[in-house]
Amino acid sequence: MFLAIRLTASRAGRRLPGSFGNLIVCNKYSTKESHRPTSLVGRDFLTLRDYSAAEIETLLWTAKDLKTQIKINKSAYQPLTGKSMVAIFQKRSTRTRVSTEVGFKLLGGNTVVLSPEDGHLGVNESIADTSRVLSGFADIILARVYSHRILEEMSREADVPVINALSDSYHPLQILADLLTLQERFGRLRGLTVSWVGDGNNMAHSLLMACPKLGINLRVATPRGYECEERIVSDAKRFSDQAGTELSLTYDPEKCVRNADVIVTDTWISMGQEKEKQERLKAFAGYQVTKQLAGLAKENWVFLHCLPRKTEEVTDDVFNDRQRSLVWQEAENRLWTVMATALLLLTDDHQPSIAKPEF
């Protein structure tokens, strides 16, 4: 009884999707798409499954706007002054940690980072108790964890928004960076064909949750035994049917890549899978992205990799191709997309300075 009352009271101030009563669900600004994005204040960001096409576009629009204001126009823009973030890292990180700390600072906020040596997450203190404690200290929580179930429990127990900075199931922040990179390259997203060649992992899962909604045709090639989770594929098929996009899954990398605009891959051996290395290297034979494989794609094909990369995943001539490999632009866009996500989950006050890009 007491727990139910506590949760009800503490959640009363959060804007949750589909909530009514005294929660604010309308937009206080103009409803015209070109003037004001959709409000995301109070939402958790655990998977793009929970976000509509319009909401994903809002995140991308905001990221592009921040990049324009801060990088190109050299403007000082600090709407999160006085706000604090706790960033939890069960897994080590380069891009996620640096982009998060730098980005939140650029927006005026402060970040406290907890490594496995610093915190007690699920060890000496329950996840629920840690989530409640951190909610009293910070305005938002970002967590990079092994199990997605940790994020789901944090979401239930925390009174502030929770951002998934990577889990075994999803990596939504990375996909936002990928999508922003593709929009910058092609000037649109709708109608593109993206081919994933590799493991049916968190990256593939997040592409499945986003691409079909955005009008992107998605093909996924994985070795047998390394397919994407069936429940996630089922959701993706539903999104694809609703949007009228192509979704295909295959064991044939050549079939997957043929006439594609974009080729994407990732590590074959994630953290925690080191003992499976030899078995995985054998299973993934034939899945390396080479110039020969990429030659089956469209003439203007591009390549993405979320990094860090190994040569067994992609050859040097593809990875270092300055005309086609967008990996460094993709990495930088991790900064602008995590900034946009934190900003929109915390405030409705941001007004884009640029018109909404074409998606």
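Residues numbered from 1 in each chain as written. Predicted model: local features only at pLDDT ≥ 70, side-chain atom pairs only at ≥ 80, totals over all residues. Heavy atoms only, no water.

Side note on the overall build of the protein chain
Helices and strands together make up the secondary structure of the protein chain, namely 13 helices and nine strands. Taking all 359 residues of the protein chain together, 55% fall into the buried category. For the protein chain, the exposed area adds up to about 15800 Å²; of that, 50% sits on carbon and sulfur atoms. (Helix = DSSP H or I, 4+ residues; strand = E, 2+ residues; numbered from the N terminus. Buried < 20%, exposed > 50% of the residue type's maximum accessible area, 1.4 Å probe, protein only. Areas by Shrake-Rupley, 256 points an atom, 1.4 Å probe, with all protein chains shown as cover.)

Some remarks on the packing of helix 6 (residues 172-186) against helix 7 (residues 202-210)
It is the contact of helix 6 with helix 7, at a shortest axis distance of 9 Å, that shows an interaxial angle of 60 degrees. Overall, the two elements helix 6 and helix 7 adopt an arrangement that is oblique. Both helix 6 and helix 7 take part in a crossing whose hand is right-handed. Residue-level contacts link P172, Q174, I175, D178 and L179 of helix 6 to M203, S206, L207 and A210 of helix 7. (Axes fitted to C-alpha atoms, helices over the stretch in contact; angles between N-to-C directions. Parallel < 35°, antiparallel > 145°, perpendicular 65-115°, else oblique. Left-handed = near helix turned anticlockwise from the far one by under 90°. Contact = heavy atoms within 4.5 Å.)

Quick word on unusual backbone geometry
A cis amide bond, omega 0 degrees, links L307 with the succeeding residue P308. Tracing the backbone through its elements, the reader meets P308 in the loop between strand 9 (302-305) and helix 12 (316-319). Located in the positive-phi region is K74, a residue other than glycine, with phi close to 60 degrees. Take K74: it is sitting in the loop between helix 2 (53-72) and strand 1 (84-89). Looking at K74, the relative accessible area reads 67%, which means it is exposed. The backbone phi angle of L307 is positive, close to 70 degrees, even though this residue is not glycine.

Comments concerning the confidence of the model for the protein chain
Overall, the predicted model of the protein chain reaches an average pLDDT of 90, with 89% of residues at or above 70. Contacts of residues 1-13 to residues separated by more than four positions or lying in other chains number 16 contacts, the stretch itself having pLDDT below 50. Considering only residues more than four positions removed or in separate chains, one finds that residues 15-34, a stretch of pLDDT under 50, has 29 contacts. (pLDDT = per-residue confidence, 0-100.)

Section: the packing of aromatic side chains
Following the criterion strictly, the structure yields five aromatic pairs and no others. Between the aromatic rings of W268 and F284, the centroid separation amounts to 5.2 Å while the plane-to-plane angle is 20 degrees, which identifies the pairing as stacked. With W268 in the loop between strand 8 (262-265) and helix 10 (277-283) and F284 in the loop between helix 10 and helix 11 (291-294), this residue pair connects regions lying 16 residues apart in the sequence. Between the aromatic rings of F284 and Y287, the centroid separation amounts to 6.1 Å while the plane-to-plane angle is 70 degrees, which identifies the pairing as edge-to-face. Taken as a pair, F284 and Y287 share a single burial class, namely buried. Every member of this aromatic cluster is reached through a ring pair, and the members are Y226, W268, F284 and Y287. Of note, K213 hangs over the ring of F239, and the distance from its end group to the ring centre comes to 4.4 Å. Here the basic side chain of R309 rests over the ring of F319, its NZ or CZ set 4.1 Å away from the ring centre. (Phe/Tyr/Trp six-rings, centres within 6.5 Å; stacked < 30°, edge-to-face > 60°. Lys NZ or Arg CZ within 6 Å of the ring centre and 35° of its normal.)

Some words on a nonpolar patch on the surface
Taken together, V98, V102 and L106 make up a surface patch of nonpolar side chains, about 220 Å² in accessible area. Mapped onto the fold, L106 is located in helix 3 (residues 95-106). Residue L106 is classed as partly exposed on the basis of its relative accessible area, which comes to 32%. (Patch = residues over 30% accessible without salt bridge, like charges linked within 9 Å, V, L, I, M, F, W, Y side chains within 5 Å. Salt bridge = Lys/Arg side-chain N within 4 Å of Asp/Glu carboxyl O.)

Side note on the environment of L304
For L304, the position within the fold is in strand 9. Judged by relative accessible area, L304 falls into the buried class, the value being 1%. For the pair formed by L304 and A331, sequence separation is 27 residues and the distance between their alpha carbons is 9.6 Å. Non-local contacts of L304, meaning those with residues more than four positions away in its chain, are made with D178, T181, L182, V262, I263, V264, T265, L326, V327 and E330.

Regarding the sheet that holds strand 3 (residues 140-144)
Hydrogen bonds along the backbone pair up the strands of a sheet, which may run parallel or antiparallel. Read across the sheet, four strands follow the order 2-1-3-4 without closing on themselves; strand pairing throughout is parallel. Only two strands of the sheet have a single partner each, and these edge strands are strand 2 (110-114) and strand 4 (162-166). The sheet shows a mean angle of 20 degrees between the axes of neighbouring strands, taken without regard to direction. Here strand 1 pairs with strand 3 via five bridges, running parallel. (Pairing = 2+ DSSP bridges.)

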